[in-house]
Amino acid sequence: MDGEGASLDRLILEALPCPVLVIDHGGFLIYLNSASERELGVNKEEAISHPLIDILFQGKKFDRKGRYSSALIETLETGREFSLRLEEIKTALHVLPKVFLVDTSILRDRDGGVVGACAVYYNFLRDRKLLKETVMNRLTTVSEQFETIYAFAEAIGARDQYTMGHSEKVAEYARLIAEALGLDEKEVDLAYICGIVHDVGKIGVPENILNKPGALTTDEFKQVTQHPEKGATILSHISWLEDVVPVVLAHHERYDGRGYPRGLRGEEIPLLSRILAVADAFDAMTSDRSYRKALPVPVAINELKRNAGGQFDPRVVEAFMRILGEYKGGEEERGNG
Ligand SMILES: [Fe+2]
């Protein structure tokens, strides 16, 4: 009877689309479902019986700000259970951490003793409703505002699949860089929004030019370079996005003054635009495009470093290297251990 119950539980957990992790009272992984392998890039055989902190958090129990890296470990150690807490996880599938929402619970035996803890992870970018109910409440107070941003993102994505995934990654990178540069919470959130909508002006560029595999003619290139202005114009009609407009307008300016549309240089370019430029270039280099395959991460890193002070603000590149280094460093430590 008990045996049948247990196997049905197992089947249900395996069928769930969200990662589910269970740790024992020592913080060691004792169960993970198939979705954990898919979404978190964890290998079941390699992860079971290992400390959760080593498997998903580069051995770091606390983050840069001294908070618990893992809600699951915090629940185990403090008894505090969480509902939809934001958590950054560096999975084997992504260069930088991805944000998930986590529910956690303490596991007790029949006598009420703590035997471990379990967690369910939601990919909030996939579940727009969850995003609306949690993160965006912090970003803005009116939920329609969230819908506006995603309406834009969908509009771009409908024409160019590449741009949609690209916008989300640029937003994630921009958010991390803004945080690493010590900007306040509002600016960090703004960096994310700007990342989502930065290429919205591509709505005004013909599809055959956007997806053209070969080199662009002078006229085609000119049309592409109009997208920051087109984007700024579109966004300027929405009053609560007024802080986003100058950032989007300047996202193709270069630190050395050789960018477009206005040829601004150095500190004349809004800081968030300088952040977007680095985030944008990194994702463009490390993704497959219609005209070339993705470059390896070390090559992209070298390109950013080589262009620090030229195309890019060196302070922004340095902050991004710091973030990348933290995660790379963690992997190396794990590899050696
Ligand atoms: Fe752009």
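Note that the structure is a prediction, hence the values are computed from the model and not measured. In this numbering scheme, every chain counts its residues from 1 along its sequence in written order. With the structure being a predicted model, the display of local features is reserved for residues of pLDDT at least 70 and the display and counting of side-chain atom pairs for 80 or more, all residues being used for whole-chain, interface and lining totals. Where side-chain values are given, they derive from all heavy atoms of the structure, hydrogens and water being excluded.

Colleague: Report on the sheet that holds strand E4 (residues 98-108), specifying residues and quantitative values.
Modeller: At least two bridges found by DSSP between two strands is the condition for calling them paired. Comment: elements are numbered from the N terminus, with helices defined as DSSP H or I runs of at least four residues and strands as E runs of at least two. What the five strands build is an open sheet, ordered E2-E1-E5-E4-E3; its pairing is antiparallel. The sheet is open, and its two borders are formed by strand E2 (29-32) and strand E3 (85-89), each paired with just one other strand. Neighbour-to-neighbour, the strand axes of this sheet turn through a mean angle of 35°, independent of strand direction. Where strand E1 (residues 20-24) lies against strand E5 (residues 114-122), five bridges are found, and the strand directions are antiparallel. Residue pairing for E5: Ile23 is matched across the bridge by Ala117. Across the face of the sheet, helix H5 (residues 71-78) comes into contact with E1, E3, E4 and E5 while running at roughly 155° to E5. Axis lines are fitted to C-alpha atoms, over the contacting stretch for helices. Their N-to-C directions set the angle, which ranges from 0 to 180 degrees. Contact definition: two residues touch when any of their heavy atoms are within 4.5 Å.

Colleague: Account for the pattern of salt bridges, with residues named and values stated.
Modeller: Throughout this description, the term salt bridge denotes a Lys or Arg side-chain nitrogen within 4 Å of a carboxyl oxygen of Asp or Glu. Inspection of every chain in the model, using the stated rule, returns 19 salt bridges. Among the ionic pairs, Asp256 bridges to Arg258, the shortest N-O distance being 3.5 Å. Exposed residues in this analysis have more than 50% of their type's maximum accessible area, buried residues have under 20%, and partly exposed residues fall in between, with area computed by a 1.4 Å probe over protein chains only. You can call Asp256 buried: its relative accessible area is 18%. Through salt bridges with shared partners, a single ionic network connects Glu74, Arg80, Arg85 and Glu87.

Colleague: If you had to explain the side chain of Arg175 to someone new, which residues and values would you point to?
Modeller: Assignment of secondary structure puts Arg175 in helix H9 (residues 161-180). If we ignore the near neighbours within four places in the chain, the residues touching Arg175 are Glu88, Val99, Val188, Ala191 and Tyr192.

Colleague: Could you give me a rundown of the coordination of the iron ion, with the residues and numbers involved?
Modeller: Four donors placed tetrahedrally about a metal ideally form angles of 109.5 degrees, and six donors placed octahedrally ideally form angles of 90 or 180 degrees. In this structure, Asp199 (OD), His227 (NE2), His251 (NE2) and His252 (NE2) serve as the protein donors to the iron ion, at separations of 2.1 to 2.3 Å. Site description for the iron ion: donor spacing in sequence, D-x27-H-x23-H-H. Taken together, the residues Asp199 in the loop between helix H10 (185-197) and helix H11 (207-210) and His227 in helix H13 (residues 227-235) connect sequence positions 28 residues apart. For the residue pair Asp199 and His227, the accessibility class agrees, reading buried in each case. Shown as donors are all N, O and S atoms within 2.8 Å of a metal ion, widened to 3.2 Å for Na, K and Ca; because water is not in the atom set, sites may appear incomplete.

Colleague: Let's hear about the nonpolar core: which residues, and what values?
Modeller: Residues Ile177, Leu235, Val244, Leu304 and Phe320 are the most contacted members of the largest nonpolar core, which totals 49 residues. The set of elements that each furnish at least two residues to this core consists of helix H8 (143-159), H9, H10, H13, helix H14 (245-249), helix H15 (271-285), helix H16 (297-306) and helix H17 (314-336). By residue number, the principal contributor to this core is H15, which donates nine residues. With residues up to four places along the chain from it excluded, the contact list for Val244 reads Leu190, Ile193, Cys194, Val197 and Leu235. Take the buried Ala, Val, Leu, Ile, Met, Phe, Trp, Tyr and Cys residues and link them wherever side-chain atoms come within 4.5 Å; each set so joined is a nonpolar core. Counting residues in each nonpolar core, the second largest holds 24 residues, with Ala71, Leu72, Leu76 and Phe82 among its members.

Colleague: Lay out H15 in plain terms, naming residues and giving numbers.
Modeller: One turn of an α-helix holds 3.6 residues; hence residues three or four places apart share an orientation. To estimate how far a helix should reach, multiply one less than its number of residues by 1.5 Å. Across its 15 residues, H15 extends 22 Å between first and last C-alpha, which sits within 8% of the 21 Å expected from 1.5 Å per residue. Within H15, 14 of the 15 residues are buried, which leaves it mostly tucked inside the rest of the structure.

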